[in-house]
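# Notes for the structure review
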Amino acid sequence: LDYEVILLAAGQGKRMGASRNKILLHLIGKPVISYSLNTFLNDPACKHIVLVTQEEEQDLLAAMVKKETKKKNCQITIVSGGCERQYSVYNGLKALLDQKNIVMVHDGARPFVTLKQLKLLHQKVQETRAAILGVPVKDTIKRVIEGIVQETVPRETLWQIQTPQAFYGEDLLAVHVRAQQEEYLGTDDASLIEKYSHLPVSMVLGSYENIKLTTPEDMLIGEAIVKRKRS
Ligand code: CTP
Ligand code: MG
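Described below are features of the structure shown in this document. Just so it is clear, the structure is predicted and the values come from calculations on it, not from any experiment.

Each value, and the rule that gives it
- Residues numbered from 1 in each chain as written.
- Chains lettered and ligands numbered in written order.
- Predicted model: local features only at pLDDT ≥ 70, side-chain atom pairs only at ≥ 80, totals over all residues.
- Heavy atoms only, no water.
- Near = heavy atom within 4 Å.
- Polar contact = N/O pair within 3.5 Å; in protein donor to acceptor, adjacent residues only side chain to side chain.
- Areas by Shrake-Rupley, 256 points an atom, 1.4 Å probe, with all protein chains shown as cover.
- 1 Å grid on protein atoms, 1.4 Å probe; cavity = no way out; pocket = protein on both sides within 12 Å on 5 of 7 lines; lining within 4 Å.
- Sits in = over half its atoms within 2 Å of the grid points.
- Nonpolar A, V, L, I, M, F, W, Y, C, P; charged D, E, K, R; others polar.
- Points joined across faces, edges and corners; volume = space filled by probe spheres on them.
- Helix = DSSP H or I, 4+ residues; strand = E, 2+ residues; numbered from the N terminus.
- Pairing = 2+ DSSP bridges.
- Axes fitted to C-alpha atoms, helices over the stretch in contact; angles between N-to-C directions.
- Contact = heavy atoms within 4.5 Å.
- Phe/Tyr/Trp six-rings, centres within 6.5 Å; stacked < 30°, edge-to-face > 60°.
- Salt bridge = Lys/Arg side-chain N within 4 Å of Asp/Glu carboxyl O.
- Patch = residues over 30% accessible without salt bridge, like charges linked within 9 Å, V, L, I, M, F, W, Y side chains within 5 Å.

## Some words on the site of ligand 1
Close contacts around ligand 1 come from 18 residues, with G13, K14, R15, S88 and K212 the closest. The side chain of K22 places a nitrogen or oxygen atom 2.8 Å from an oxygen atom of ligand 1. Here a nitrogen atom of ligand 1 sits 2.9 Å away from a polar atom, N or O, in the main chain of G82. If ligand 1 stood free it would expose 560 Å²; the protein chains cover 88% of that surface. In this structure, ligand 1 is accommodated by the largest pocket. Of the residues contributing to the shell around ligand 1, the split by class is five nonpolar, six polar and seven charged.

What follows is the structure, encoded as structure tokens:
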């Protein structure tokens, strides 16, 4: 069974504080977005990449994609994003080839997802219809209100959630439509499935390296990860 992916690149990268969108910043010689783009291009099960971009960056990204996709058996469509991540996903959903297909949603700012993780996630979504990547929380987590610790939250059941997140197109579209109607913004796609459907969402163990590049320190960690992978 094949899948399609919505690859998100339409943010502003404000917290990175760079002069341009962080997905275009170079990480050891390659733009951040090209890492995950290539991983999906190299997955034989991935049949369609919907790259969601800002309108102003579409030409630039189209040129980049053209270089990467020579000879690859995977279609690429570029669509415009919205002013919130959730709206960018929604625009991506409308561009899927078939709503009956499996769809993964991935942050373009997460360059280090691996083929092995894609395979595990793809297997799990075929079993349970909804599956997401993440890792158990390592730090102690406390609830704090106005500078005062209220409690230490038991950590055993807490996971940090990553992307990709995998669903069936029709399921994800239905919950996005509901969220739009209620003007609800979730922090990830699984949270909409949790709120507006009865589908249980399965957790798949990812890797602590599957970080999202968010602030400038993350670029340093990212460089270290690329170097380690190459050696
Ligand atoms: N994204 C998107 N459309 C938006 C907002 C975000 O496609 N309206 C994408 C980003 O490009 C990124 C991913 O969603 O790949 C995760 O979002 P985040 O890390 O918050 O990126 P930005 O929104 O770009 O960063 P910031 O919040 O610091 O501005
Ligand atoms: Mg953001």
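## Observations concerning the layout of surface pockets
By volume, the largest pocket amounts to about 1,100 Å³. Around the largest pocket, the lining is made up of 40 residues, and of these R15, K22, R85, D107 and K212 lie nearest the centre. If you tally residues by element for the lining of the largest pocket, the top one is strand β10 (residues 159-168), at five residues.

## Side note on the sheet that holds strand β4 (residues 46-53)
Spatially, seven strands are ordered β5-β4-β1-β6-β10-β7-β11 in an open sheet, and the strand pairing comes out mixed. If you trace the sheet from one side to the other, it starts and ends with β5 (75-80) and β11 (202-205), each paired once. Neighbouring strand axes in the sheet, compared pairwise and without regard to direction, differ in orientation by 25° on average. Here strand β6 (residues 102-107) runs beside β10; their pairing, made up of four bridges, is antiparallel. The partner of M104 across the bridge, within β10, is A166. Running over the sheet, helix α2 (residues 58-68) touches β4 and β5 and is turned about 170° from β5.

## Some words on the packing of aromatic side chains
Evaluation of the coordinates by the stated rule reveals three aromatic pairs. Taking 6.2 Å as the distance between ring centres and 70° as the angle between the ring planes, the aromatic pair formed by Y35 and F112 counts as edge-to-face. Of the two residues, Y35 sits in helix α1 (residues 32-41) while F112 sits in the loop between β6 and α4 (115-128), which places them 77 residues apart along the sequence. Judged by centre distance (6.1 Å) and plane angle (85°), the ring pair of Y184 and Y196 falls under edge-to-face. Here Y184 is found in the loop between α5 (169-181) and α6 (189-196), whereas its partner Y196 is found in helix α6, with twelve residues between them in sequence.

## Re the pattern of salt bridges
Scanning the model with the defined rule gives twelve salt bridges in all. One salt bridge in this structure joins R228 and E209, with 2.7 Å as the shortest N-O distance. Taken as a pair, R228 in helix α7 (residues 216-230) and E209 in the loop between β11 and α7 lie far apart in primary sequence, 19 residues in all. Linking E209 and K229 is a salt bridge whose minimum nitrogen-to-oxygen distance equals 3.8 Å. Placement of the pair is E209 in the loop between β11 and α7 and K229 in helix α7, with a sequence separation of 20 residues.

## Regarding a nonpolar patch on the surface
Residues W159, I161, M203 and L205 make up a contiguous nonpolar surface patch of roughly 340 Å² in combined accessible area. Those elements that place two or more of their residues in the nonpolar patch are β10 and β11. Along the chain, the position of M203 falls in strand β11.

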